[in-house]
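The primary structure of each chain is shown beneath.
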Amino acid sequence: MVLNNFVVFEGIDGAGTTTQLKLLQEKLAGYSKTKSFFTFEPSPNPTGVFLRQVLKGEIKLHPDTIARLFAADRCEHLYGANGIAELCSRNTLVVCDRYIFSNLAYQSTECGADLPRQLNEGFPLPQIVFYFDLEPSVSINRIGGRGVTEIYEKIDFLEKTRRNYQSIMEEYKDKTQIVHIDATQSVEAVFEKIWGIIGNLPIIKA
């Protein structure tokens, strides 16, 4: 199932998804007739906050446990009170930084593809996926500038994860709209491409 009014940004660490999410939020603030909601995964919910601690290396868990926690967090994020599904049904544009594709790409690198697929097979697909493609070597340079790294931010891990992403995007290309973004482009050029699609959605132009 495709969930209308739901847009997702995907890509390895350092690809620029968070920057573009903020720019889109600023842009849509000027569209008073369009209701919009911006979020991310792991979510702001308690499970997501716990997962942030795991990603920072503060809590160590088995890879299978992490995959299951991501799916549990996603379920609440989607279907909890005022969750993504409810907001989309109210004609609100929901834009999320990461979704099932991150789970499939990252957790498959650690615990194989079967478990992440089983855990995520029942979740709806977004209306549009913007996939930010970036060489892991560039990603590592960008991450280094932040001064803080997470457990997955290693060159060999990100190389495998990028290959997973590319395979996943090919697999889902006929199931939902996937827009490929060259994440080495300038922030302005990337946003122009994103807005060229988002700005023409019926929910924006209504």
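Provided above is the structure to which this section pertains.
For clarity, every value in this text was computed on a predicted model and none was experimentally measured.

Visitor: What should I look at first to understand the layout of surface pockets in this one?
Guide: Taken as a whole, the largest pocket encloses approximately 670 Å³ of empty space. Lining the largest pocket are 30 residues; nearest its centre among them are Asp 13, Thr 18, Arg 52, Arg 98 and Glu 150. Listing elements by their share of the lining of the largest pocket, those giving two or more residues are helix H1 (17–28), helix H2 (46–55), helix H3 (63–79) and helix H5 (100–111). A class-by-class count of the residues in the lining of the largest pocket yields eleven nonpolar, eight polar and eleven charged. Within this model, the second largest pocket holds a volume of roughly 190 Å³. Along the walls of the second largest pocket sit 13 residues, with Ile 66, Glu 110, Ile 151, Tyr 152 and Lys 154 positioned nearest its centre. Secondary structure elements with two or more residues in the lining of the second largest pocket: H3 and helix H8 (155–172).

Visitor: Sorry, what's going on with the nonpolar core here?
Guide: As a rule of thumb, nonpolar side chains are buried together in soluble globular proteins. Grouped together as the largest cluster of nonpolar side chains are 36 residues, with contacts concentrated most on Phe 6, Tyr 99, Phe 101, Tyr 106, Tyr 165 and Met 169. It is H8 that contributes the most residues to this core, six residues altogether. If we ignore the near neighbours within four places in the chain, the residues touching Phe 101 are Glu 10, Leu 125, Pro 126, Val 129, Tyr 165, Ile 168, Met 169 and Tyr 172.

Rules of the game
Residues numbered from 1 in each chain as written. Predicted model: local features only at pLDDT ≥ 70, side-chain atom pairs only at ≥ 80, totals over all residues. Heavy atoms only, no water. 1 Å grid on protein atoms, 1.4 Å probe; cavity = no way out; pocket = protein on both sides within 12 Å on 5 of 7 lines; lining within 4 Å. Points joined across faces, edges and corners; volume = space filled by probe spheres on them. Helix = DSSP H or I, 4+ residues; strand = E, 2+ residues; numbered from the N terminus. Nonpolar A, V, L, I, M, F, W, Y, C, P; charged D, E, K, R; others polar. Core = buried A, V, L, I, M, F, W, Y, C linked by side-chain atoms within 4.5 Å. Buried < 20%, exposed > 50% of the residue type's maximum accessible area, 1.4 Å probe, protein only. Contact = heavy atoms within 4.5 Å.

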